[in-house]
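# Summary of structural features
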Amino acid sequence: MHKPPSLITLARQVGLNDCTLKRGFRQVFGIIAYDCLHHYRMERSHFKKLKNIHNN
């Protein structure tokens, strides 16, 4: 996910307003969407670094 859709765009695609999408996301996953994306990017970066270490 180099450039994920904005929350407003995503909300429109699924027929919700952005506030409802944010609230529902937090209820289901226990974190806000931004934190989820940040965590995903950090994990991905970590695994890329590990892969580079093992390949060298």
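Everything discussed here concerns the structure shown above.
Report on the accompanying structure. (Residues numbered from 1 in each chain as written. Predicted model: local features only at pLDDT ≥ 70, side-chain atom pairs only at ≥ 80, totals over all residues. Heavy atoms only, no water.)

## A word on the pattern of salt bridges
Following the criterion strictly, the structure yields 1 salt bridge and no others. Across the pair Asp18 and Lys22 runs a salt bridge, and its minimum N-O distance is 3.8 Å. With Asp18 and Lys22 both in helix H2 (residues 18-29), this residue pair falls 4 residues apart, about one helical turn. Of the residues examined, Asp18 reaches a relative accessible area of 29% and is grouped as partly exposed. (Salt bridge = Lys/Arg side-chain N within 4 Å of Asp/Glu carboxyl O. Helix = DSSP H or I, 4+ residues; strand = E, 2+ residues; numbered from the N terminus. Buried < 20%, exposed > 50% of the residue type's maximum accessible area, 1.4 Å probe, protein only.)

## Some points on the packing of aromatic side chains
Enumeration according to the criterion identifies 1 aromatic pair in this entry. Residues Phe25 and Phe29 carry aromatic rings whose centres are separated by 4.6 Å and whose planes lie at 40° to one another, so their mutual orientation is tilted. Note that Phe25 and Phe29 are positioned in helix H2 at a spacing of 4 residues, about one turn of the helix. Taking relative accessible area as the criterion, Phe29 reaches 54% and is therefore assigned exposed. (Phe/Tyr/Trp six-rings, centres within 6.5 Å; stacked < 30°, edge-to-face > 60°.)

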